[in-house]
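Analysis of the macromolecular model
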Amino acid sequence: MLLQKLMFRNPQNQKMQTVEFKGEIYPSWQASGFAARFAFPFALEVCKGEGLDVGCNREEWKLPGSVPIDPVLNNFNAFDIPYPDWDYIFSSHCLEHLDNWVKALDYWHTKLKKGGVLFLYLPDHSQKYWRSWSNRKHKHQFTPQILKDYFTDQPEMWKDVFVSNVDLNNSFIVISYKK
């Protein structure tokens with residue numbers, strides 16, 4: 001069967017580039033990195049004060065105004081964050097790379113001040129290439145329900161959990177606050 005590439009047109013008649021993986025068509029930006037840019041408008045609404053971007057990979061990819069936490073950029077990582085009492089922790093497309101994502105979220109909880117914001121942008125299981133058996137850099141795959149269950153099952157730690165639907169980047173947002 002001949003694969004026909006799906007092309008979308010904008011008012012300037014420009015074609016959106018796509019990629020195909022296992023019979024599914026995805027926007028090509030999903031293969032280019034820097035997924036965080038799709039979450040920045042929302043994150044900047046709730047991530048105020050002094051905060052971190054855990055796993056940003058590049059200085060220019062970090063949430064504006066945040067301190068980067070990434071072994072590529074400095075001596076810190078998801079399990080070695082300097083100082084407690086941050087106003088927020090932002091993390092995009094990082095959690096799926098960690099050996100123990102629950103341990104990471106529990107640790108990040110200790111680094112937030114009371115009422116501090118945890119903002120996650122995560123790849124959804126619906127994108128076939130991001131599944132751990134297709135992309136060996138990914139150790140876990142997520143759905144909004146999995147993250148909602150983690151946060152709501154720990155009311156002594158987290159409050160006011162918001163979990164979005166899956167977006168055009170096959171990703172979703174999770175926002176919660178340290179109790």
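Presented here is an overview of the structure given in this document. (Residues numbered from 1 in each chain as written. Predicted model: local features only at pLDDT ≥ 70, side-chain atom pairs only at ≥ 80, totals over all residues. Heavy atoms only, no water.)

A separate point is the overall build of the protein. Tallying secondary structure elements over the protein gives three helices and eight strands in all. If you list the helices and strands of the protein from N to C, you get β-β-α-β-β-β-α-β-α-β-β. Scaling as 2.2 N^0.38, a compact globule of 179 residues should have a C-alpha radius of gyration of about 16 Å, and the protein matches this with 17 Å. Structurally, the protein occupies a C-alpha span of about 55 × 30 × 30 Å along its principal axes. Of the roughly 9,800 Å² that the protein leaves accessible, carbon and sulfur atoms contribute 53%. (Helix = DSSP H or I, 4+ residues; strand = E, 2+ residues; numbered from the N terminus. Rg over C-alpha atoms; globule rule 2.2 N^0.38 Å. Areas by Shrake-Rupley, 256 points an atom, 1.4 Å probe, with all protein chains shown as cover.)

Our next topic: the packing of aromatic side chains. The description of an aromatic ring pair uses the distance of the two centres, along with the angle that the planes make with each other. Scanning the entire structure with this criterion turns up 10 aromatic pairs. An angle of 45 degrees between the planes, with centres 5.7 Å apart, marks the rings of Trp 29 and Phe 38 as tilted. Judged by relative accessible area, Trp 29 falls into the partly exposed class, the value being 22%. Among the residues examined, Phe 38 registers a relative accessible area of 27% and is labelled partly exposed. An aromatic cluster is defined as three or more aromatic residues linked by ring pairs; in this entry it consists of Phe 34, Phe 40, Trp 61, Phe 90 and Phe 119. The ring of Trp 61 has Arg 58 sitting right over it, with the charged end atom 4.0 Å from the ring centre. The residue whose ring lies beneath Lys 103 is Phe 79, and the NZ or CZ to ring-centre distance is 5.8 Å. (Phe/Tyr/Trp six-rings, centres within 6.5 Å; stacked < 30°, edge-to-face > 60°. Buried < 20%, exposed > 50% of the residue type's maximum accessible area, 1.4 Å probe, protein only. Lys NZ or Arg CZ within 6 Å of the ring centre and 35° of its normal.)

A word on the nonpolar core. Within the largest apolar cluster, 26 residues are counted, with the highest numbers of intra-cluster contacts made by Leu 95, Leu 105, Trp 108, Leu 120 and Leu 147. Of all the secondary-structure elements, those providing two or more residues to this core are strand S3 (51-54), strand S5 (86-92), helix H2 (101-111), strand S6 (112-123), helix H3 (144-152) and strand S8 (171-178). In this structure Leu 120 touches Ser 91, Leu 95, Leu 105, Trp 108, Leu 147, Phe 151, Phe 172, Ile 173 and Val 174, once residues within four positions along its chain are discounted. Membership of the second largest hydrophobic core comes to 14 residues, among which are Ala 36, Cys 47, Val 117 and Ile 173. (Core = buried A, V, L, I, M, F, W, Y, C linked by side-chain atoms within 4.5 Å. Contact = heavy atoms within 4.5 Å.)

These figures come from the coordinates and say nothing about function on their own.
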